[in-house]
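The residues making up each chain are set out below.
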Amino acid sequence: MPPKPPRPDLTKLSDADKDWLIDALFARLDAVEAKLGMNSSNSSKPPSSDGLAKKPKKTNSLRGKSGKTVGGQPGHKGETLKRVAEPTQTQDHGLPDRCERCQRALPLEAAQILERRQVFDVPAAGFDVIEHRIWTIACSCGQRHDSVFPAEINETVQYGPTVRALGVHLTQGQMLPYARAAELISDIYGLSVSPATLLAWVGEARAALQGTADMIALQLHHAPVLCADESGLRVDGKLHWMHVAATAHLTWYGLHEKRGIDAINAHGILPKRLGVLVHDCWAPYWKIDDGLHALCNAHLLRELVYVQQITGQAWPATLAELLLNAQRLTSAARRQQRPLDDGTVAAFATVYDDIVREGEQHHPVVLKPNGKPGKQSDAHNLLRRLRLHTDAILRFIADPAVPFTNNVAERAVRMPKVKRKISGCFRTVLGADNFCVIRSCLDSLKKQGHSMLNVLRQAFLGTPIMPAA
């Protein structure tokens, strides 16, 4: 923590300096009080930071009311279990041999089915042991001929590709700790697998899927629109950073000791990309100035809520409503597969400029007595970004391919966070790297309609599935 600056001698200050100091202290007090009011609904703080305090009945949700009733909507086609024409097996619940009233024998051969009911269940699972044999035979001329094992059968006793895929799926796909995954396999299949064996399978899966992950990174580098985000991850007792690059069809994870431009350059996906980069306005992303940028408007909406709360002014709510109206209009145009006309795009830009100008009039630059800029308010700093990055904020209006938010990348960040909460930190950098490679492939191919278990099984069979172009 840096040392506190010495307190000024009030007796040596002029009246103008004293007035400025008092204003600065009040501004600092207002800023501290405002920070205490920050939560996940009006800032970029995560919901977990809100604590256990009871939330107010009136929330600041940006979703708003849809006007629809609770539950299924009129015309909604419900889904439920339906009887199948050919059940796996049948159980007949027989009739008595004799009549309950007269005790005569019943003609059971004439009985008819009164009602059918079906129960869906899973069979009690087990495991198969398949013995592979090779043969030898000698020709009458003396030449010996031996058959050979398939390439994947390379041990006297070994596990098959399906159970190995299941083990990796449980730990890297479903985020279970190794011990609990081994316990689950034992409980369901009666097959004893050690946590160390699961760990070895993860390493094998990473090696088998590395080529797929490299292809995902290459395709993301050439994507027309690319979303990026990053989050802290505890690895080997130290803070590392997990970086994410994603589209609607691809996801890539990478680990690095640093969060900034060094990590971005080391991973090599974002620099010299060919498309638009969507992000949350974090400063290092602006150092990648070799392409177009678009900002996450969900972050801006939360900040506008916060500024409106601390200032009581109208312009933040007006600007938020403008952005939400633009989102609704562009979403409708996107469904109709047509862009907005130039006049509509220009109209949104004009209204945006007017609203920002109104806010700037309320929050001019704060100057020190010597004429240099002093500490600016949160509202002024937000307005400065709104002015500086106008094109990036409004790019979703002009380009139908650009999303309104960075939600694609933020959703990708959540699953590794789930992994950390369930299984704890990564004990080694190698384990974290393995997770990033495997999870990149599982998440990407799942988006493209593949089963995660089958993705892993094909990898263990030596025929990994590659992402669609």
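Look a little higher up for the structure.
A quick note: this is a predicted structure, and the numbers were derived from the prediction, not measured.

Draft legend 1. Main features of unusual backbone geometry. A positive phi angle, near 55 degrees, is found at aspartate 236, a position not held by glycine. Within the fold, aspartate 236 resides in the loop between β3 (225–235) and β4 (238–246).

Draft legend 2. View of the packing of aromatic side chains. All told, the structure shown has four aromatic pairs when counted by the stated rule. When the ring of tyrosine 159 is compared with that of tryptophan 201, the centres are 5.1 Å apart and the planes differ by 80 degrees; the resulting orientation is edge-to-face. Highlighted residues: tyrosine 159 in the loop between β2 (144–146) and α2 (161–173) and tryptophan 201 in helix α4 (residues 195–221), separated in sequence by 42 residues. Arranged with centres 5.4 Å apart and planes meeting at 75 degrees, the rings of tryptophan 282 and tyrosine 285 form a pair that is edge-to-face. Note on tryptophan 282: relative accessible area 17%, which makes it buried. Classification of tyrosine 285 by relative accessible area gives buried; the value is 1%. Against the face of tyrosine 178 rests lysine 419, its NZ or CZ located 5.9 Å from the ring centre.

Draft legend 3. Up close: the environment of isoleucine 310. Its place among the elements puts isoleucine 310 in helix α7 (residues 297–311). Isoleucine 310 sits 68 residues away from aspartate 378 along the chain, and the two C-alpha atoms are 9.4 Å apart.

Draft legend 4. Structural detail: the side chain of serine 231. By the element assignment, serine 231 lies in strand β3. Within the local environment of serine 231, its side chain forms a polar contact with the side chain of lysine 417, the two groups lying 2.9 Å apart. Those residues in contact with serine 231 that lie beyond four places of it in its chain are His240, Trp241, Met242, Val413 and Lys417.

Draft legend 5. How the structure looks around the pattern of salt bridges. Tallied over the entire structure, the rule returns 13 salt bridges. Here glutamate 321 and arginine 328 are joined by a salt bridge, their closest N and O atoms 3.2 Å apart. For the salt bridge of aspartate 443 with arginine 439, the shortest nitrogen-to-oxygen distance reads 3.9 Å. Of the two residues, aspartate 443 and arginine 439 are both situated in helix α14 (residues 429–447); the distance of four residues between them amounts to about one turn of the helix. Taking the relative accessible area as the measure of exposure, arginine 439 reaches 4% and is therefore buried. Three or more residues joined by partner-sharing salt bridges are found here, namely Asp353, Asp354, Arg357, Glu360 and Arg387.

Draft legend 6. Seen up close, the packing of α4 against helix α15 (residues 452–460). For the pair α4 and α15, interaxial distance at closest approach is 9 Å and the crossing angle is 85 degrees. In terms of orientation, α4 lies roughly perpendicular with respect to α15. Residue-level inspection shows Trp201, Glu204, Ala205, Ala208 and Leu209 of α4 in contact with α15, the latter providing Val455, Leu456, Ala459 and Phe460. Residue composition of the contact of α4 with α15, grouped by class: eight nonpolar, no polar and one charged.

Draft legend 7. Looking closely at the packing of α2 against α4. Relative orientation of the contacting elements α2 and α4 amounts to 95 degrees, with a least axis distance of 9 Å. The angle between the axes of α2 and α4 places the two elements in the roughly perpendicular class. Together, Val163, Arg164, Gly167, Val168, Thr171 and Gln172 of α2 and Leu198, Trp201, Val202, Glu204 and Ala205 of α4 make up the contact between the two elements. Considered class by class, the residues forming the contact of α2 with α4 number six nonpolar, three polar and two charged.

Draft legend 8. Inspection of the sheet that holds strand β7 (residues 293–295) at higher detail. Pairing is mixed in the open sheet, where five strands are placed in the order β5-β4-β3-β6-β7. The sheet is open, and its two edges are formed by β5 (251–256) and β7, each paired on a single side. Averaged over all pairs of adjacent strands, the angle between their axes in this sheet comes to 30 degrees, without regard to strand direction. Judged from the nine bridges that link them, β3 and β4 form a sheet pairing that is antiparallel. In the sheet register, valine 235 faces β4, and the bridge partner there is lysine 238. Running at roughly 20 degrees to β3, helix α13 (residues 407–423) makes contact with β3, β4 and β5 of the sheet. Its contacts with the sheet place α14 against β3, β4 and β5, and it is angled at close to 170 degrees to β5.

Draft legend 9. Just the nonpolar core, in detail. One finds Leu304, Tyr352, Leu386 and Ile393 to be the most contacted residues of the largest nonpolar core, which totals 52 residues. Element by element, the count of residues in this core is highest for helix α8 (residues 315–335), at eight residues. If you look at the next biggest cluster of nonpolar residues, it comprises 43 residues, including Val163, Ala165, Ala182 and Val455.

Basis of the calculations
Residues numbered from 1 in each chain as written. Predicted model: local features only at pLDDT ≥ 70, side-chain atom pairs only at ≥ 80, totals over all residues. Heavy atoms only, no water. Helix = DSSP H or I, 4+ residues; strand = E, 2+ residues; numbered from the N terminus. Phe/Tyr/Trp six-rings, centres within 6.5 Å; stacked < 30°, edge-to-face > 60°. Buried < 20%, exposed > 50% of the residue type's maximum accessible area, 1.4 Å probe, protein only. Lys NZ or Arg CZ within 6 Å of the ring centre and 35° of its normal. Polar contact = N/O pair within 3.5 Å; in protein donor to acceptor, adjacent residues only side chain to side chain. Contact = heavy atoms within 4.5 Å. Salt bridge = Lys/Arg side-chain N within 4 Å of Asp/Glu carboxyl O. Axes fitted to C-alpha atoms, helices over the stretch in contact; angles between N-to-C directions. Parallel < 35°, antiparallel > 145°, perpendicular 65-115°, else oblique. Nonpolar A, V, L, I, M, F, W, Y, C, P; charged D, E, K, R; others polar. Pairing = 2+ DSSP bridges. Core = buried A, V, L, I, M, F, W, Y, C linked by side-chain atoms within 4.5 Å.

So, to be careful, I would describe these as geometric facts and stop short of saying anything about function.
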